[in-house]
Amino acid sequence: MGSSDTLFAGSIPAIYDRCLGPFLFEPYAADLARRSAALGAGRVLETAAGTGIVTAALARALPEAEIVATDLNPAMLEVAAGKLSSPGVSFAPADAQSLPFEDGRFDLVVCQFGAMFFPDRIAAYREARRVLRPGGAFQFNVWDRIEANPASEAVADAVAALFPGDPPGFLERVPFGYHDKTRIKADLRAAGFDSIEAATVPLRAGGSARDLAVGLCQGAPLRSEIEARDPGRLDEATEAAAKSVAALGDRAFDLSAHVFTARA
């Protein structure tokens with residue numbers, strides 16, 4: 001994984017939040033928040049919180065909880081903090097692989113679509129287990145294979161077709177590259193988790209299919225890959241992606257992800 005795969009800076013966080021939030025992240029944020037509310041946690045840590053989409057859903061679902069939302073990228077947390085002001089929510093930059101919290105502090109650790117970006121996933125899972133109290137839960141989701149998420153696959157294919165000699169591979173490599181449930185369970189066991197549940201959750205996207213194309217091409221690290229090949233073709237790539245997604249019709253709104261709950 002290259003350093004650009006985890007870089008969310010400049011104009012990317014705002015575009016990510018505006019364009020990708022409603023389409024990709026809000027449906028699964030509601031799902032994770034519902035699952036979290038069923039656990040009744042009082043102290044919650046969110047890792048890879050991004051622009052606070054799950055944070056806001058957690059705050060609504062667990063209004064009495066203390067929620068600490070963290071992310072490696074301060075620019076993402078700035079967007080989150082600008083949207084959400086709640087006495088129970090705080091924001092702090094932190095690396096999920098080396099958390100600045102004492103052992104056993106939290107009842108629940110939540111992470112939405114972040115595990116794919118961790119260079120050392122077992123280390124991140126081990127840290128999640130360390131900061132959980134005995135019996136606490138680590139709850140997170142990852143995307144299913146890209147073929148089960150047709151709009152994202154259409155964007156990846158459209159952009160790759162513009163650079164046939166050196167196709168960008170960010171989407172397949174990172175967000176959709178960690179979908180094998182057997183492998184993920186093995187990583188969790190290697191980190192010390194024994195009780196692990198997994199479910200595949202199909203949902204329907206909200207927002208605009210065109211916004212998804214704009215968001216993935218201009219509000220995600222795919223942008224860096226496009227600009228590294230030809231900075232003058234970003235708009236062309238975005239338009240090609242938008243046309244490819246539009247051609248899917250209603251199928252563009254089909255999403256699929258895996259949700260895991262592991263007990264400390």
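Residues numbered from 1 in each chain as written. Predicted model: local features only at pLDDT ≥ 70, side-chain atom pairs only at ≥ 80, totals over all residues. Heavy atoms only, no water.

Considerations on the packing of aromatic side chains
Aromatic ring pairs are defined here through the distance separating the ring centres and the angle between the ring planes. So the rule is basically this: Only rings of Phe, Tyr and Trp enter the pairing, Trp through its six-membered ring, and a pair is recorded when the two centres are within 6.5 Å. The plane angle decides the type: under 30 degrees is stacked, over 60 is edge-to-face, the rest tilted. The helix count covers DSSP runs of H or I at least four residues long, the strand count covers runs of E at least two residues long, and both are numbered beginning at the N terminus. Partly exposed describes any residue whose relative accessible area lies between the buried limit of under 20% and the exposed limit of over 50%, with all areas from a 1.4 Å probe on protein chains only and scaled to the type maximum.
For the coordinates displayed, the defined rule picks out 14 aromatic pairs. With a centroid separation of 5.5 Å and 35 degrees between ring planes, the pair formed by Phe 23 and Phe 253 is classed as tilted. With Phe 23 in helix α1 (residues 12-39) and Phe 253 in the loop between α10 (234-246) and β7 (254-263), this residue pair connects regions lying 230 residues apart in the sequence. Ring geometry for Phe 101 versus Phe 106: centroids 5.4 Å apart, planes at 90 degrees, classification edge-to-face. Pair check on accessibility: Phe 101 and Phe 106 agree, each one buried.

Regarding the sheet that holds strand β6 (residues 195-204)
To be explicit about the condition: Pairing between two strands requires that DSSP report at least two bridges joining them. Interaxial angles span 0 to 180 degrees and are taken between N-to-C directions of axes, which are lines fitted to C-alpha atoms, for helices over the stretch in contact.
One open sheet accounts for seven strands, arranged β3-β2-β1-β4-β5-β7-β6; its pairing is mixed. In this open sheet, the two strands that pair with only one neighbour each are β3 (89-93) and β6. With strand direction ignored, the average angle separating the axes of adjacent strands in the sheet is 20 degrees. Relative to strand β5 (residues 132-143), strand β4 (residues 106-112) runs parallel, the two being bridged by six bridges. Within the sheet, the bridge partner assigned to Gln 112 lies in β5 and is Asn 141.

Looking at the pairing of β5
Along β5, nine of the twelve residues are buried, which leaves the element largely enclosed by surrounding structure. One ladder, built from seven bridges, connects β5 with β7; its direction is antiparallel. Within β7, the residue paired with Phe 140 across the bridge is Phe 260.

Description of the packing of helix α5 (residues 150-162) against helix α8 (residues 209-218)
Put simply, the test is: In this scheme, roughly parallel covers angles under 35 degrees and roughly antiparallel covers those over 145, while 65 to 115 is roughly perpendicular and the rest are oblique. In this scheme the crossing of two helices becomes right-handed for a clockwise turn of the near helix relative to the far one and left-handed for an anticlockwise turn of less than a right angle. Contacts were defined at the residue level, with two residues in contact if any of their heavy atoms lie within 4.5 Å.
Put simply, α5 and α8 touch, their axes get as near as 10 Å, and they point 55 degrees apart. When the axes of α5 and α8 are compared, the pair comes out oblique. Relative to α8, the crossing made by α5 is right-handed. Between α5 and α8, the contacting residues are Ala 151, Ser 152, Val 155 and Val 159 on the first element and Leu 212, Ala 213, Leu 216 and Cys 217 on the second.

Digging into empty space enclosed by the protein
Using the following cut-off: Lining residues are defined by having an atom within 4 Å of a point belonging to a cavity or pocket. Those points lie on a 1 Å grid over the protein atoms alone, cavities being sets where a 1.4 Å probe fits but cannot get out and pockets being open sets with protein on both sides within 12 Å along at least five of seven lines. Grid points are joined across faces, edges and corners, and a volume is the space filled by probe spheres set on the points. Under the convention adopted here, Pro, Cys and the residues Ala, Val, Leu, Ile, Met, Phe, Trp and Tyr are nonpolar, Asp, Glu, Lys and Arg are charged, and Gly plus all remaining residues are polar.
Tallying each qualifying case throughout the model produces one cavity of 30 Å³ or more. Counted as a void, the largest cavity has a volume near 40 Å³. Looking at the largest cavity, the residues that line it are Thr 47, Ala 96, Leu 99, Val 109, Phe 118, Ala 124, Ala 128 and Phe 138. Looking at the lining of the largest cavity, its residues break down into seven nonpolar, one polar and no charged.

A word on helix α4 (residues 121-131)
Test applied: For the purposes of these results, a polar contact is taken to be a pair of N or O atoms within 3.5 Å, where, inside protein, one atom must be able to donate a hydrogen and its partner to accept one; residues adjacent in sequence count only when each atom of the pair is a side-chain atom.
Buried within α4 are the following residues: Arg 121, Ala 123, Ala 124, Tyr 125, Glu 127, Ala 128 and Val 131. If you follow the buried residues of α4, they end up packed against β1 (43-47), β4, β5 and α7 (181-190). Here α4 starts with a cap whose side-chain oxygen sits 3.4 Å from the backbone nitrogen of Ile 122, and that cap is Asp 120.

Structural notes on the environment of Val 79
Along the polypeptide, Val 79 turns up in helix α3 (residues 74-83). With a relative accessible area of 22%, Val 79 lands in the partly exposed category. For Val 79 and Ala 191, which are 112 residues apart along the polypeptide, the C-alpha to C-alpha distance reads 32 Å. What Val 79 contacts, discounting residues up to four positions off in sequence, is Pro 13, Ala 14, Asp 17 and Thr 51.

Observations concerning the environment of Ile 146
Positionally, Ile 146 belongs in the loop between β5 and α5. Residues Ile 146 and Gly 177, spaced 31 residues apart in sequence, show a C-alpha to C-alpha distance of 8.1 Å. Excluding its chain neighbours within four sequence positions, the residues that come into contact with Ile 146 are Ser 152, Glu 153, Ala 156, Leu 171, Glu 172 and Phe 176.

Let's talk about the environment of Ala 37
Within the fold, Ala 37 resides in helix α1. According to the relative accessible area criterion, Ala 37 is partly exposed, its value standing at 34%. With 88 residues separating them in the primary sequence, Ala 37 and Tyr 125 have C-alpha atoms 22 Å apart. Other than its neighbours up to four places away in sequence, Ala 37 contacts Ala 61 and Leu 62.

Honestly, that's just the spatial picture; any functional story needs more than this.
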